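Breakdown of the fold
Residues per chain are reported as follows:
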Amino acid sequence: MADGVRADGGRDEGVRADAAAALADRLSFQLYAASRALTSAYRRELQHFGLTYPQYLALRALGAGDGQPVSDLCAALELDSGTVSPLLSRLAAEGYIVRERVGADGRQVRVFCTDSGRELQARLEGVPAEVARSLALTEADFGQLCAMLGSLRDTARRALSDAPDPAARG
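The following paragraphs examine the structure supplied in this document. (Residues numbered from 1 in each chain as written. Predicted model: local features only at pLDDT ≥ 70, side-chain atom pairs only at ≥ 80, totals over all residues. Heavy atoms only, no water.)

Of the regular secondary structure elements, the protein holds seven helices and three strands. Each helix (α) and strand (β) of the protein, taken in turn from the N terminus, gives the series α-α-β-α-α-β-β-α-α-α. Residues counted as buried form 23% of the 170 residues belonging to the protein. Across the protein, the fraction of contacts at a sequence separation of at least 24, relative to all contacts at a separation of at least 6, is 48%. Carbon and sulfur atoms make up 55% of the accessible area of the protein, which amounts to about 11500 Å² in all. (Helix = DSSP H or I, 4+ residues; strand = E, 2+ residues; numbered from the N terminus. Buried < 20%, exposed > 50% of the residue type's maximum accessible area, 1.4 Å probe, protein only. Contact = heavy atoms within 4.5 Å. Areas by Shrake-Rupley, 256 points an atom, 1.4 Å probe, with all protein chains shown as cover.)

Scanning the entire structure with this criterion turns up four aromatic pairs. Each ring, one from Y42 and one from Y53, has its centre 5.1 Å from the other, and the planes form 50°; the classification is tilted. Of this pair, Y42 sits in helix α1 (residues 13–46) while Y53 is found in helix α2 (residues 53–62), placing the two residues 11 residues apart along the sequence. Given the relative accessible area of 24%, Y53 is considered partly exposed. The interplanar angle of 25° and the centroid separation of 6.1 Å between the aromatic rings of Y53 and Y56 together place this pair among those described as stacked. Placement of the pair is Y53 and Y56 together in helix α2, with a separation of three residues, close to one helical turn. The rings of Y42, Y53 and Y56 are connected pair by pair, giving a single aromatic cluster. (Phe/Tyr/Trp six-rings, centres within 6.5 Å; stacked < 30°, edge-to-face > 60°.)

The following block contains the structure:
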């Protein structure tokens, strides 16, 4: 029996499940390693600006529109407020953003770029192109990778949302 295929042409589900688990593990590691390598490439470019990669992402997200609620930034960055708030504090300490409480009860916080923050955003425009050049991938390769990773992300999210919550077990 080779690769989970029986002599009669059928598949041995036990072997296939093991093979699928091994493939999932390999894929997970490759994604992890690729993410670390890509983040390192960004880190190299961002060190000239004194920014971390998450701070860079926050500034990029703010580029979509000034005055965004923190909750919208959290959603755009796919991070929780406990992670985003310290990032914003550091950006505010550097003078790149200001946070303002709004609403009748002041619970909503909106984030605005300062003039210094907008100048930095403009200077950061070339960072993705520098990283892309260092990766030596074609535009088609980038498009294909982004599409595949987006599909994988969406599939994983659907699987997680359909799965029973292990904490709910008694």
